[in-house]
2 protein chains.
Amino acid sequence: MAHTIPTRLYAAEDAIPRFWYNLRADMTEKPDPILHPGTLRPASPEDLEGVFCKESVKQELDETTRLVEIPEGLRDFYRAYRPAPLIRAYFLEKALDTPAEIYYKHEGTNTSGSHKLNSAAAQAFYAKEEGLSGLTTETGAGQWGSALAMACAFFGLRLTVYMVKVSAAQKPYRKALMETYGAEVVPSPSDTTEAGKRILSQDPDTSGSLGCAISEAIEKAVRAEGCRYVLGSVLNHVLLHQSIIGQEVKAAFDHYGIRPDIIIGCAGGGSNLGGLIAPFMGERLRGVSKTRFIAVEPASCPSFTRGIYAYDFGDTARTTPLIKMYTLGSGFIPSPNHAGGLRYHGMNPTLSKLYRDGFLEARAETQTDVFDAAVRFAKIEGILPAPESSHAIKAAIDEALECKRTGEKKTILFGLTGTGYFDMTAYTAYNAGTMTDYIPTDEDLAKGFSSLPQTAR
Amino acid sequence: MAHTIPTRLYAAEDAIPRFWYNLRADMTEKPDPILHPGTLRPASPEDLEGVFCKESVKQELDETTRLVEIPEGLRDFYRAYRPAPLIRAYFLEKALDTPAEIYYKHEGTNTSGSHKLNSAAAQAFYAKEEGLSGLTTETGAGQWGSALAMACAFFGLRLTVYMVKVSAAQKPYRKALMETYGAEVVPSPSDTTEAGKRILSQDPDTSGSLGCAISEAIEKAVRAEGCRYVLGSVLNHVLLHQSIIGQEVKAAFDHYGIRPDIIIGCAGGGSNLGGLIAPFMGERLRGVSKTRFIAVEPASCPSFTRGIYAYDFGDTARTTPLIKMYTLGSGFIPSPNHAGGLRYHGMNPTLSKLYRDGFLEARAETQTDVFDAAVRFAKIEGILPAPESSHAIKAAIDEALECKRTGEKKTILFGLTGTGYFDMTAYTAYNAGTMTDYIPTDEDLAKGFSSLPQTAR
C-alpha cells in the first residue's frame, strides 16, 4: 500500500493539462466587444498592444478557439506547484450531516498563497518571450501582487506593484513578501504618477481602490521602455489562464465518474470563478449538463447583485478601454472595513454576459457571515481559508444544508482560492469580536453609478 | 494526457503509509535510557504517564518494534493534507549548473505551515482516545503551537500554549492563528505558573526560551484534571510520528528506483530530521546503504557542533526526566536576534547517539547565510521557505556545488519543513539589510553548560 504512493515526483508523472479552456467558444451569444474609449468602436489589437503583451491581446480577443495550448515552458513552471489538490470534504460533510458530496479545489498550497499564480506565470512567461524587460500591475489584498512578484523573479523581469493604500497598511507582510521576490511596491494612490496625484488632490485621505491603482500602473507601464501592464482578473485572457483550475478538476472528475450539480466560486473580478467553471459551463452551454453555477460576492462590493450592466472603464482615471460588465461604477470605493480582496467595481465581461443570460447565479454575503463560515471550515477541514475563498465556503455550506433539508444527494464543488496566512489582521478582528459589516446604501451606490461614462450607458 | 491526472482525490487513492518507522529497532547500540531525575534510574512508564499520554509513553520506551501501525482514525486525518509533495528541484539544479539531482520533501502545504502537524495530529488523536479533555504545550517560532491548535480543534480538545515571549512579540499572527483555532496562548515566562514566576523573578526582562515554556506547560498540565502535556520535538515518539515524512519519500523513491546519496535536514530538537531520515538511516544501520546524513543547525544555537553529550533536563525549571543528549545546558537561551525556531538547548537522544557513533554528520550555519540561501531558493523554486528549512537549503546548495566542482552526479534529498509565511518580520529585516548574526562565544556557552546537572555529568 505504502509503495503505490502518487506523489508530485513530476519527473515521471505528467499531470498538467495541455490546454486552457476558452469558454467563449461555447457561447452562442458572445459578450459585447471591448470598445476604444475615444471612438467607441471595438478595440483593435493595435489599440491594446501599447498597454498589454501581444499574446494577452490575442487571447483577449479570441472568441472562437475552445482549446488554447499551454506553452511547454509554462507547463514546466506549473509542474512545480500543480496539480492543485482536489479534496473531498468528508469531514465537512460529516459535521454538517448532509447527504451532499462536497469537493473543493485547493489553490492555496503554492507560495503565493492563491490561484493568482496561474495567470501571473502565464503573463510573465509571455512578457519574457516577447522580449520585455519589466511589468507593472496593481494589487488589492496582495494575492495578485505576490503571485506576479514570484513569477517575475522566476522569469527574470522587473516589477512595480501599485498596492491599494488601505491594503498596504493592513498587510505589511504582503508587501514584505513581494519585496523579498524583488518587486518594487508603491502604496496607491501615490505621487509617482499623474493619475495618482490627481486622485490625491481630490481626496488626500482616500484609502485607495483597485481602480486607482490600475490607473497608476497603466500610466507607469506606458511611459517606460520595454514595459507592459498586466492585470490579475477581470479580463478574458486572465480567465483563460485560470481555466487550468477547471481543466484539472474536470479531468479528475471524469476519471472518477463524478458529475457536479453545483459549482460555487467567489467573485471579485471573476478570475477564479471563470477559471473554475470554464469546461463545466462549456458543457452547460452545449446542452450536455444542467450544472448550476453560483457566484458569491461580498455584500460590501456587490457588482453582480446590485450593479448595472453597462459599458464602464476598468480604472478610476478612465484610461482603459470600455468594458460591458456588471459594475458599480469606477468611482465606487468599498468601505475600508472590508477585509481581503473582492473589492473591484466591475466584473469580467464573459461572466457578466452569462449572468445576464441566466446561466450563472449570484448572491452577496456579509463579512461576518463569511468569517463565521471560514472559522467553522478551518476547524473542521484543517485549512485556514482566505477571506475571499470563504465566500464560496459560506455558499457551499448553505447548499449542503439545503440538501440536508430536502434529502437530496447533490454533488457540490467549490473553489478554495487561497489561504488566510496573510489575513491574520482580519482574523484577529473577528476573534476579538470587533469585525463589522458594511452594506452600501442605495445612496452609496448612486454615487458610484454617477461615475459611469454617459456615452456608453 | 489531461485525463490521467493523479490528484489528491483520496476517496479512491490510498497513498498514506500504514506504518511509522522506529529507527531505534535498527540500532545495535541503543540510546542511553531516560532517567528519573530523583532516583537517576531508568524512567518507568508510570514515571512518565503523569505528564504524557499513555500511548506516547509506550512509543517513547519501545526500542524494538521497527514498524509501528498508524491508527486508521489518524490516517483519515492525514489523508486531508498528505502525502506531502516530493519535488525534484529541476530549476535549482539548472540555476546551480550542477550534475547533482536534488529532491525536497515539502511539508509546508498544510495550513499549519510545517511538518509539525504530523505529530500534533498523532498526539491529539491519542489524547482523545484516552479520554483526556485538554492538552498543554510550548511553542517557540509558533509552528508547533499552530499545528497542535489545529489538531486540537479537529479532535475536540482544549489547548493552552505557552509561547516563548520573544516569539509572541515577533509573530503576532502566529498567536492569532492559534487563537482562531480556539487555543489559549500565554507568552512565556508568565505569572500563571510557579515556574514562570520563579524565572521572572530571576530575570524580569528575559526574552524567554523553550526550556522555560516547557516548564510552565508541564506544570499547568500536571495541575489540571484530564490534561496532559505534549511536546513537538526532542522525544523519540515525536520522531516516530514524523517518520511518515521519510516513509512517504522512501515509497516514492523505491517506486522510481531512486537511491539518495545525501539526506539533509535542519535540526532544532530533531523532529523533522529524525522523521525524514528514519527508513534511510535504518538501511544504513543494517548495512544495505551508504547514504550520508547531514544535520544543519543554527550557529546561534549549536547543540550538535558545540554542545556536550551528557544527561540534561529538558526544561529550565529542571522538572523533566533526564535525557542523554547533545546539549548546551537547559539554562542556555539563544540571542533574541535569532529568527525562527531551532532554538532548543538539546537534541533528540536517538539522533545524539547516531551523531556520537558517526552515522550522522552536523554543521552550523549563520542566519544571514541561511537567508541568502532562502531568498535564492524562493526566486528559483518559487517557494518561500521557513528560516528553519532554509538551513537545509543552504547545505543542499553547498553539496550540489561541491558536486559541480567534482563532477559527481549525486542524489541529494532535503527536508523543506515549512513555509515562511509567518516569518515576514525576519524577511523584512533581511531585505532591509538589518539582519544580524550571533555566534555564541565560549564564555556564552560556558554559562549554559554551568546549568547542566552535576549528578549526571
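1. A look at the domain arrangement of chain A
Residues and elements named next belong to chain A.
Line of reasoning, step 1. Domain boundaries in chain A define domain 1 (8–15 + 82–113 + 236–456) and domain 2 (19–68 + 115–229).
Line of reasoning, step 2. The gap between the C-alpha centroids of domain 1 and domain 2 is 20 Å.
Line of reasoning, step 3. Taken together, the contact pairs 55 residues of domain 1 with 58 residues of domain 2.
Line of reasoning, step 4. Between domain 1 and domain 2, the buried area comes to about 4900 Å², and carbon and sulfur atoms account for 60% of it.
Line of reasoning, step 5. Between domain 1 and domain 2 we count 4 salt bridges in total.
Line of reasoning, step 6. The interface formed by domain 1 and domain 2 holds 26 residue pairs in polar contact (both at pLDDT 80 or more) in total.
Line of reasoning, step 7. Secondary structure elements with two or more residues in the side of domain 1 that touches domain 2: helix 11 (236–256), helix 12 (271–285), strand 11 (308–313), strand 12 (322–327) and helix 14 (349–356).
Line of reasoning, step 8. Per-element accounting of the side of domain 1 that touches domain 2 gives the leading share, 10 residues, to helix 11.
Line of reasoning, step 9. For the side of domain 1 that touches domain 2, the class distribution of residues is 21 nonpolar, 24 polar and 10 charged.

2. Remarks on the interface of chain A and chain B
Line of reasoning, step 1. On the chain B side, the residues contacting the 67 residues of chain A number 68 residues.
Line of reasoning, step 2. Joining chain A to chain B, the criterion identifies 12 residue pairs in polar contact (both at pLDDT 80 or more).
Line of reasoning, step 3. Where the side of chain A that touches chain B is concerned, the elements lending two or more residues are helix 3 (72–79), strand 3 (86–88), helix 4 (90–96), helix 6 (143–155), helix 8 (172–180), helix 11, helix 15 (367–381) and helix 17 (424–432) of chain A.
Line of reasoning, step 4. Taken together, the residues that form the side of chain A that touches chain B break down as 40 nonpolar, 16 polar and 11 charged.

3. Some details on the side chain of glutamate 216 of chain B
Residue and element names in this part refer to chain B.
Line of reasoning, step 1. Mapping glutamate 216 onto the fold places it in helix 10 (residues 210–223).
Line of reasoning, step 2. No salt bridge is formed by the buried glutamate 216, whose closest oppositely charged neighbour, lysine 165, lies at an N-O distance of 8.3 Å.
Line of reasoning, step 3. Once residues within four sequence positions are removed from consideration, glutamate 216 is found in contact with Tyr162, Ser188, Pro189, Ser190, Thr192, Thr193, Ala195 and Gly196.

4. A look at helix 2 (residues 54–61) of chain A
Residues and elements named next belong to chain A.
Line of reasoning, step 1. All of the buried residues in helix 2 are Ser56, Val57, Gln59 and Glu60. When helix 2 is viewed along its axis, its buried side chains cluster within an angular range of 165° and face the same direction. Those residues of helix 2 that are exposed and angled more than 90 degrees off the buried face are Lys54 and Lys58.
Line of reasoning, step 2. Contacts made by the buried residues of helix 2 are with strand 1 (19–21), helix 1 (45–49), strand 2 (67–69), helix 5 (117–129) and helix 11.

5. Observations concerning the packing of helix 5 of chain A against helix 6 of chain A
All names here are of chain A.
Line of reasoning, step 1. Relative orientation of the contacting elements helix 5 and helix 6 amounts to 35°, with a least axis distance of 8 Å. Where helix 5 crosses over helix 6, the two elements pack in a sense that is right-handed. Residues Leu117, Ser119, Ala120, Ala121, Gln123, Ala124, Phe125 and Lys128 of helix 5 touch helix 6, and the partners they reach there are Trp144, Ala147, Leu148, Met150, Ala151, Cys152 and Phe155.
Line of reasoning, step 2. Across the contact of helix 5 with helix 6, the residue classes tally to 12 nonpolar, 2 polar and 1 charged.

6. A short note on the packing of aromatic side chains
Line of reasoning, step 1. Scanning all chains against the criterion turns up 44 aromatic pairs over all chains.
Line of reasoning, step 2. Aromatic side chains phenylalanine 77 of chain A and tyrosine 81 of chain A sit 5.9 Å apart centroid to centroid with 70° between the ring planes, which places their arrangement in the edge-to-face category. Considered together, phenylalanine 77 of chain A and tyrosine 81 of chain A belong to a single accessibility category, that of buried residues.
Line of reasoning, step 3. On the basis of an interplanar angle of 70° and a centroid distance of 5.1 Å, the ring pair of tyrosine 103 of chain A and phenylalanine 253 of chain A is categorised as edge-to-face. Separated by 150 residues along the polypeptide, tyrosine 103 of chain A in strand 4 (residues 101–106) and phenylalanine 253 of chain A in helix 11 bring together distant segments of the chain.
Line of reasoning, step 4. Here phenylalanine 253 of chain A falls in the buried class, since its relative accessible area comes to 0%.
Line of reasoning, step 5. Pairwise contacts between aromatic rings join Phe77, Tyr78, Tyr81, Phe125, Tyr126, Phe154 and Phe155 of chain A together with Phe91 of chain B into one cluster.

7. Comments concerning the sheet that holds strand 10 (residues 292–298) of chain B
Residues and elements named next belong to chain B.
Line of reasoning, step 1. Taken in spatial order, the 6 strands make up an open sheet running 3-4-14-9-10-13, and their pairing is mixed. Of all the strands in the sheet, the pair left with one neighbour each is strand 3 (86–88) and strand 13 (361–365). Taking the axes of each pair of neighbouring strands and ignoring which way they run, one obtains an average angle of 25° across the sheet.

What counts and what doesn't
- Within each chain, residue numbers correspond to sequence positions counted from 1 in written order.
- Naming scheme: in the order in which they are written, chains are lettered from A and ligands are numbered from 1.
- Two thresholds apply to this predicted model, a pLDDT of at least 70 for residue-level local features and 80 or more for giving and counting side-chain atom pairs, whereas whole-chain, interface and lining totals are computed over all residues.
- Only heavy atoms go into the side-chain values, all of them from the structure, while hydrogens and water stay out.
- Domain borders in the structure are assigned automatically or taken from a domain database.
- Between two residues, a contact is recorded if the distance between any of their heavy atoms is within 4.5 Å.
- Joining two parts hides part of their accessible area as seen by a 1.4 Å probe, and the buried area is that hidden amount summed over both.
- Salt bridges, as used here, are contacts in which a Lys or Arg side-chain nitrogen is within 4 Å of a carboxyl oxygen on Asp or Glu.
- A 3.5 Å cut-off defines polar contacts: any pair of N or O atoms within that distance qualifies, except that in protein one atom must be a possible hydrogen donor and the other a possible acceptor, and neighbouring residues in sequence count only when both atoms are side-chain atoms.
- Secondary structure is summarised from DSSP: a helix means a run of H or I of at least four residues, a strand means a run of E of at least two, and numbering begins at the N terminus for each.
- Ten residues, namely Ala, Val, Leu, Ile, Met, Phe, Trp, Tyr, Cys and Pro, are considered nonpolar, four, namely Asp, Glu, Lys and Arg, are considered charged, and the remaining ones, Gly among them, are considered polar.
- Type-normalised accessible area, obtained with a 1.4 Å probe on protein chains alone, sets the label of each residue: buried when under 20%, exposed when over 50%, and partly exposed for intermediate values.
- Asp and Glu are treated as the negative residues and Lys and Arg as the positive ones, with His and the ends of the chain left uncounted.
- This arc is taken over the directions from the axis of the helix to the C-beta atoms.
- Lines are fitted to the C-alpha atoms to define the axes, a helix being fitted only along its stretch in contact, and any angle between axes, read from their N-to-C directions, falls within 0 to 180 degrees.
- Crossings are sorted by hand: turned counterclockwise from the far helix by less than a right angle, the near helix makes the crossing left-handed, and turned clockwise it makes it right-handed.
- Any Phe, Tyr or Trp ring, taking Trp's six-membered ring, that has another such ring centre within 6.5 Å forms a pair; planes under 30 degrees apart are called stacked, those over 60 apart edge-to-face, and the others tilted.
- Any two strands between which DSSP finds at least two bridges are classified as paired.

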